[in-house]
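Each chain, letter by letter, is given below.
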Amino acid sequence: MSKILGVSGSLRKGSYNTALLQAARDVAPDVIGIGSIRGIPLYDGDLESEGMPDAVLELKDKIAVANGLLMVTPEYNNSMPGVLKNAIDWLSRPSGDIRNVFRGKAVAVIGATPGGCGTLLCQNAWLPVLHALGADYWSGGRLLVPGAGRVFDEGGRLIDDSVSERLDRFIHNFIDYIA
């Protein structure tokens, strides 16, 4: 069975996207692992020249050995969150590492938001970035979760049956794609 690394694009403790990532892991706990962008500093070429931060190296290693990457991302101002884009920028350094980390890597993007439109604009904003990295963007399905405040309970558990069914279908289709 293929191994997928899931990463939340939010650092917030009560993040709907982290909750969605956990729900995705619950669909296939033997297949989906969870990585973190926490601890990755703002990209700075001077800092890079001093050596890669440990948080970057740890996440880079996990992505490199995974068969697929599941990005679970909020939408900020109709686009991607800066913390996740910053992490991707670090993970693509030095540029020679792109081939080991992203090139040909199957990537799926999903997201949750309290608003009514889901994360469509954010997911679309990732397309040129993933293309530039040579990733294999999986376009076999979309999972947009609007109204996230009604979809998760106070503990971050997914309580909406419709979203649960769509998530289950999405995850299994992505697993089939990379298998």
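Scroll up for the structure.
My aim in this report is to walk through the structure given alongside it, one point at a time. The model shown is predicted, which means the values in this text are computed figures rather than measured ones. (Residues numbered from 1 in each chain as written. Predicted model: local features only at pLDDT ≥ 70, side-chain atom pairs only at ≥ 80, totals over all residues. Heavy atoms only, no water.)

Okay, the side chain of Lys105 next. Note that Lys105 resides in the loop between helix 5 (98-101) and strand 4 (106-112). Buried within the structure, Lys105 lacks any salt-bridge partner; its nearest side chain of opposite charge belongs to Asp136, at an N-O separation of 11 Å. A distance of 2.4 Å separates the side chain of Lys105 from the backbone oxygen of Ala66, its partner in a polar contact. In contact with Lys105, other than residues within four places in its own chain, are Ile63, Ala64, Ala66, Asn67, Gly68, Leu69, Ala135 and Asp136. (Helix = DSSP H or I, 4+ residues; strand = E, 2+ residues; numbered from the N terminus. Buried < 20%, exposed > 50% of the residue type's maximum accessible area, 1.4 Å probe, protein only. Lys, Arg positive; Asp, Glu negative; His and termini not counted. Salt bridge = Lys/Arg side-chain N within 4 Å of Asp/Glu carboxyl O. Polar contact = N/O pair within 3.5 Å; in protein donor to acceptor, adjacent residues only side chain to side chain. Contact = heavy atoms within 4.5 Å.)

This part is about the nonpolar core. Ranked by size, the top nonpolar core spans 30 residues in total, and within it Ile40, Leu59, Met71, Phe102 and Trp126 carry the most contacts. Listing elements by their share of this core, those giving two or more residues are strand 1 (4-8), helix 3 (54-65), strand 3 (68-72), helix 4 (82-91), helix 5, strand 4 and helix 6 (120-132). Those residues in contact with Met71, other than ones at most four positions away along the chain, are Val7, Leu84, Val107, Ala108, Val109, Ile110, Trp126 and Leu130. Formed by 29 residues, the second largest nonpolar core is a distinct cluster that contains Ala24, Ile32, Ala108 and Val163. (Core = buried A, V, L, I, M, F, W, Y, C linked by side-chain atoms within 4.5 Å.)

Here the focus is the packing of aromatic side chains. Summed over all chains, the structure comprises five aromatic pairs. For the pair Tyr43 and Trp90, a centre-to-centre distance of 4.9 Å together with 70 degrees between the ring planes defines the contact as edge-to-face. Residue Tyr43 is found in the loop between strand 2 (32-35) and helix 2 (45-50), and its partner Trp90 is found in helix 4; the two are separated by 47 residues along the sequence. Among the aromatic residues, those joined into a ring-pair cluster are Trp138, Phe170, Phe174 and Tyr177. It is Arg12 that lies over the ring of Tyr16; its NZ or CZ is 5.4 Å from the centre. (Phe/Tyr/Trp six-rings, centres within 6.5 Å; stacked < 30°, edge-to-face > 60°. Lys NZ or Arg CZ within 6 Å of the ring centre and 35° of its normal.)

Shape descriptors only; they carry no functional weight alone.
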